[in-house]
Amino acid sequence: MVSIQASRRICPSLPRQGAKLSHAVASLLHRTDLVGLGYPATLRAATIIQSSQQPSSTRNFSTTPINHLRDVFPAKETEFIRQTVPAWKHHGWTYEEMLAVTPGHREPRTMGDWAAWKLVRIARWVMDKATGIGQGQQVDMKNPTTSVVADKPLKEAQWLVRIIFLESIAGVPGMVAGMLRHLHSLRRLKRDNGWIETLLEESFNERMHLLTFLKLSEPGWFMKTILLGAQGVFFNAMFLSYLVSPKITHRFVGYLEEEACHTYTRLLREIDNGDLPRWSDPSFPIPEIAVSYWQMPEGKRTMKDLILYVRADEAVHRGVNHTLGNLNQREDPNPFVSEYKAGQGQHQPHPATRPAGYEREEVIGGNSH
C-alpha cells in the first residue's frame, strides 16, 4: 500500500498533491483489470505519474512507479570491453515485409494435430483468465486466431503482463528441441542437417523479445514466481513431448506462434485506433536494445514499428515450425538454411507469409526418401 508519507517523499514540496497521488495509485493497485493475475504485485503499479515537475526525458509509461524505475538488466561495466553484441544478428525486415504478415491458421489434419491444437486452446483460455480479460475484451472465439475485433480494448498493463509472460516461455521450445537434436546427433554420430541452428536461433530471438519488453516494465515478485513455475512445467513438458513425438511438438509450437501473430496483430489494431494513447504517441520512446537488435531506421522507431518487427519474427516461427512438423524428423535437411539446386530456387521457403507452413513435397521434393 502506498502511504501518505511515501507520497510526501515523492513530492516533498506539494504534500496535498502527494496525498491525492497516493490515493490514486492505491486505487489502481487494487484493480485487477489493470494489473492482471488478480494480484496487485504482478507488475508494479500499472500507472503513470505525470506532472510539471517531471523531467522531459522521463519516459511516458511504465508499470513501475516513477520513483522505483531502474534498469532491469544494466550492462556490466568492465575495464576493457565496451559492449557485447548479440550472437545472432537479426537479418532485418523491410516495411513491406512486415505489413505483409497476417494472422492465419493451419487446420488440424491428424489426431496429433488436433491434440496440439486443443492444448493451445486450453493454454489461451488460461492466459485470458490470468491476465484479467473480461467478456467484452474477447474476440470472436469462432475464429480465435484470425479475429482481432473486440468490444473493448485491453489496457497497456494487461498487454505487458500478457507479452512478458508469453515471451518468457516462448524461448523454451527452440532451446529444448535444439538441445535434444544436438544430443541425438552426438549419439547417432551423424549430422543434424541444419535443424539445430534454426531452433536455437528461434529461442534466442524470443529471448530478445522478452528483454525488449522488460525495458518497459519491471515484474514484481509474484509474477517472477509465476514465471519460475511456468518455465519449470513447460520445459519438462516440452522435453518429454519432443522425445515422444517431435512432429506433434513442432505442430504445437506452430499453433502457439499462430496465437502470437494474432496477439500482436490485435495490439497493432488497438494502437492504430488510439485505444492505447501512450503507445499510439509517436514520441513514445522504445528501448535502445530494440533499435540496435532490429537495426530500426530513423523515423521508424515508434511503438507500432516495434510491434511490427516482433510480429514478423513470430510469423517466421509459425511458418518454420509448421513446416518442420511436416518433414521426416530423422533424415530431411532443414529447408530454411539449405542451398537449392540450380533451377530449383522457386522451392526456397519464405515462412513469414505462409501461416500453414510448407508441405514436404514443396520444399524437399516428392521423390525424396
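Below or above, wherever it landed, is the structure these notes cover. (Residues numbered from 1 in each chain as written. Predicted model: local features only at pLDDT ≥ 70, side-chain atom pairs only at ≥ 80, totals over all residues. Heavy atoms only, no water.)

Quick word on the overall build of the chain
- Helices and strands together make up the secondary structure of the chain, namely 14 helices and 0 strands.
- In sequence order, the chain lays out its α and β elements as α-α-α-α-α-α-α-α-α-α-α-α-α-α.
- Counting over 369 residues, the chain shows a buried share of 48%.
- Looking at the chain alone, contacts between residues at least 24 apart form 73% of all its contacts between residues at least 6 apart.
- Accessible area for the chain stands at about 19000 Å²; split by element, carbon and sulfur atoms hold 58% of it. (Helix = DSSP H or I, 4+ residues; strand = E, 2+ residues; numbered from the N terminus. Buried < 20%, exposed > 50% of the residue type's maximum accessible area, 1.4 Å probe, protein only. Contact = heavy atoms within 4.5 Å. Areas by Shrake-Rupley, 256 points an atom, 1.4 Å probe, with all protein chains shown as cover.)

Regarding the pattern of salt bridges
- This structure, assessed with the given rule, holds 16 salt bridges.
- Close ionic contact of R124 with D128 constitutes a salt bridge, the shortest N to O distance being 3.4 Å. With a gap of 4 residues between them, R124 and D128 both fall in helix α5 (residues 111-130), about one helical turn apart.
- Among the residues examined, R124 registers a relative accessible area of 7% and is labelled buried.
- Given the relative accessible area of 4%, D128 is considered buried.
- Residue E259 pairs with R124 through a salt bridge whose shortest N-O separation is 2.6 Å. With E259 in helix α10 (residues 246-272) and R124 in helix α5, the pair connects residues that are 135 residues apart, well separated along the chain.
- By relative accessible area, which is 8% here, E259 ends up buried.
- Salt bridges here are not isolated pairs; linked through shared partners, they connect R121, R124, D128, R162 and E259. (Salt bridge = Lys/Arg side-chain N within 4 Å of Asp/Glu carboxyl O.)

Notes on α10
- Over its 27 residues, α10 runs 39 Å from end to end, which matches the ideal 39 Å to within 8%, given 1.5 Å per residue.
- With respect to burial, α10 is a largely interior element, 22 of its 27 residues being buried.
- Backbone geometry just after α10 places G274 at a positive phi near 80 degrees. (Expected span 1.5 Å × (residues − 1).)

Looking at the side chain of H322
- Summarising the element assignment, H322 is placed in helix α13 (residues 303-324).
- Apart from residues lying up to four places away in sequence, H322 is in contact with R106, H250, R251, G254, Y255, E258, P355, A356 and G357.

A word on the packing of aromatic side chains
- A complete count under the given rule lists 9 aromatic pairs for this structure.
- Between W294 and Y309, the ring centres sit 6.2 Å apart and the planes meet at 45 degrees, which makes this aromatic pair tilted. Placement of the pair is W294 in the loop between α12 (288-293) and α13 and Y309 in helix α13, with a sequence separation of 15 residues. Here the two residues W294 and Y309 agree in accessibility, since each one is buried.
- Members of the aromatic cluster, connected to one another through ring pairs, are W88, F204, Y293, W294 and Y309.
- The cationic tip of R354 hangs over the ring face of Y358; the distance from NZ or CZ to the ring centre is 4.1 Å. (Phe/Tyr/Trp six-rings, centres within 6.5 Å; stacked < 30°, edge-to-face > 60°. Lys NZ or Arg CZ within 6 Å of the ring centre and 35° of its normal.)

A word on the nonpolar core
- In this structure, W93, F213, L267, W279, W294, M303 and I307 are the most contacted members of the largest nonpolar core, which totals 68 residues.
- Among the secondary structure elements, those contributing two or more residues to this core are α5, α6 (156-170), α7 (172-188), α8 (195-214), α9 (221-244), α10, α12 and α13.
- In terms of residues, this core owes the most to one element, α13, which gives 11 residues.
- Leave out the neighbours within four places in its chain, and W93 touches M98, W294, Y309, A312, D313, V316 and A352. (Core = buried A, V, L, I, M, F, W, Y, C linked by side-chain atoms within 4.5 Å.)

Side note on the packing of α7 against α8
- As a packed pair, α7 and α8 sit with axes 7 Å apart at the nearest point and diverge in direction by 155 degrees. Comparing the axis directions of α7 and α8 gives the class roughly antiparallel. Viewed along their axes, α7 and α8 form a crossing whose handedness is left-handed. Mapping the contact onto sequence places G174, M175, A177, G178, R181 and H182 in α7 and W195, I196, L199, L200, E202 and S203 in α8. (Axes fitted to C-alpha atoms, helices over the stretch in contact; angles between N-to-C directions. Parallel < 35°, antiparallel > 145°, perpendicular 65-115°, else oblique. Left-handed = near helix turned anticlockwise from the far one by under 90°.)

Notes on unusual backbone geometry
- The residue L189 is not glycine, and still its phi comes out positive at about 60 degrees.
- Within the secondary structure, L189 is located in the loop between α7 and α8.
- On the basis of relative accessible area, L189 is assigned to the exposed category, the value being 75%.
- At N193, a position not held by glycine, the phi torsion is positive, near 60 degrees.
- Counting through the fold element by element, N193 comes out in the loop between α7 and α8.
- Take N193: its relative accessible area is 27%, and that puts it in the partly exposed class.

So, α8
- With 20 residues, α8 extends 29 Å between its outermost C-alpha atoms, agreeing within 8% with the 28 Å of an ideal straight helix rising 1.5 Å per residue.
- Counting buried residues along α8, 16 of its 20 residues qualify, which places the element largely inside the surrounding structure.

With respect to a nonpolar patch on the surface
- Among the surface-exposed residues, L119, I122, W125 and V126 lie close enough to one another that they form a single nonpolar patch of about 430 Å² accessible area.
- Among the structural elements, I122 can be located in helix α5. (Patch = residues over 30% accessible without salt bridge, like charges linked within 9 Å, V, L, I, M, F, W, Y side chains within 5 Å.)

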